[in-house]
Amino acid sequence: MKILTFSYDDGTTQDIRLAALFHKYGMKATFNVNSGLLGTERELVRCGVTVRHDKIRPADVKHVYDGHEVASHTLTHPDLTKKSDEEIIEQVEKDRLTLSELCGYEVVGFAYPGGGVNYSDHVADVIRANTGVRYARTTLPTLNFEKQENLFEFKPTVHHFPDWDQLFALGEHFLSLPAEADALFYVWGHGFEFDIANDWNRFEEFLQMMANKKEICYMTNKEALLRAEG
């Protein structure tokens, strides 16, 4: 089957608008949240632009992400490669359990903070052996739709930001595949990135292009990656 899934990190207040867009176009996403930072307020400078990086409040997690999937992103977004095994377990498992309580269901997904460089085979092995996590996503792009065997160092297809032409080109390629193709299109990013150049309309154009296709299954990361397990 052809599957489209999205994954967005950090649990910022921009997710409120983002989740509403996914609902509007009948799509599902996974939101990776740092429970230890919920309710905090700060700003970031990205590409020379100051954007808000305020986190969703704990009491709002359940309804903001209703209809989507919440996954772990560690308690406080550290570089896990610089942590002891015990610290890795605490950062991941405590976050997972806290989010499970907030959401009312067991959280089983995970995204590495700084997942292009801040993870390793060892970190993945520690998480696999000592937590309830069942899949873990990096940020290293494949730029393809092929199957992957290692669900604890899973690589997304593409980061939506900043190369919009690349995202749309991949979308067009995905749409051109036969309906029976076994293909997974996995898009990831951060909600605050849409505020850098006010790219919300551009992303909505992408959703419009991909929406309402009978041959596409719109899934959360858990549904897409763990479907063989039921």
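Here, every reference points to the structure presented above.
Residues numbered from 1 in each chain as written. Predicted model: local features only at pLDDT ≥ 70, side-chain atom pairs only at ≥ 80, totals over all residues. Heavy atoms only, no water.

Draft legend 1. Local environment of the pairing of strand β3 (residues 43-46). Two strands pair when backbone bridges link them, and β3 and strand β4 (residues 49-52) are joined in this way by four bridges, in the antiparallel orientation. Looking across to β4, one finds that Glu 43 is bridged to Arg 52. What sits between β3 and β4 in their antiparallel hairpin is a turn of two residues, with Cys 47 showing a positive phi close to 55°. (Pairing = 2+ DSSP bridges. Helix = DSSP H or I, 4+ residues; strand = E, 2+ residues; numbered from the N terminus.)

Draft legend 2. Structural context of unusual backbone geometry. Following Phe 161, the chain continues into Pro 162 via a peptide bond in cis, with omega recorded as 5°. In this fold, Pro 162 is placed in the loop between β8 (158-159) and α5 (164-176). The residue Asn 198 is not glycine, and still its phi comes out positive at about 50°. Along the chain, Asn 198 falls in the loop between β9 (183-190) and α6 (200-210). Take Asn 198: its relative accessible area is 57%, and that puts it in the exposed class. (Buried < 20%, exposed > 50% of the residue type's maximum accessible area, 1.4 Å probe, protein only.)

Draft legend 3. Up close: the pattern of salt bridges. With the rule as written, the count across this model stands at 13 salt bridges. Across the pair Arg 52 and Glu 43 runs a salt bridge, and its minimum N-O distance is 3.3 Å. Here Glu 43 falls in the partly exposed class, since its relative accessible area comes to 48%. The salt bridge partner of Glu 93 is Arg 96, with a shortest N-O separation of 2.9 Å. Taken together, the residues span about one helical turn, with Glu 93 and Arg 96 both in helix α3 (residues 85-103) at a distance of three residues. Taking the relative accessible area as the measure of exposure, Glu 93 reaches 17% and is therefore buried. (Salt bridge = Lys/Arg side-chain N within 4 Å of Asp/Glu carboxyl O.)

Draft legend 4. Expanded view of the environment of Ala 59. Residue placement: Ala 59 occurs in the loop between β4 and α2 (61-64). On a C-alpha basis, the gap between Ala 59 and Thr 138 in space is 28 Å, while along the polypeptide they are 79 residues apart.

Draft legend 5. Structural context of the nonpolar core. Within the largest apolar cluster, 41 residues are counted, with the highest numbers of intra-cluster contacts made by Phe 6, Phe 22, Met 27, Phe 185, Phe 203 and Phe 206. No other element matches α6, which puts six residues into this core. Setting aside anything within four residues of it in sequence, one finds Phe 203 in contact with Phe 6, Tyr 8, Leu 18, Leu 21, Phe 22, Trp 164 and Phe 194. (Core = buried A, V, L, I, M, F, W, Y, C linked by side-chain atoms within 4.5 Å. Contact = heavy atoms within 4.5 Å.)

Draft legend 6. Structural view of the pairing of β9. Most of β9 sits inside the fold, with eight of its eight residues counted as buried. Of the two faces of β9, the one holding Ala 183, Phe 185, Val 187 and Gly 189 and the one holding Leu 184, Tyr 186, Trp 188 and His 190 are both buried throughout. Direction of pairing for strand β1 (residues 2-9) relative to β9: parallel, over a ladder of eight bridges. When the sheet's bridge partners are listed, Asp 9 is paired in β9 with His 190. Sheet analysis places β8 next to β9, joined by two bridges and oriented parallel. Across the sheet, residue Val 158 finds its bridge partner in β9, namely Val 187. Taken together, β8, α5 and β9 constitute a β-α-β crossover, and its handedness is right-handed. (Right-handed = clockwise from strand over helix to strand, strands pointing away.)

Scope: geometric values only; no functional claims are made or implied.
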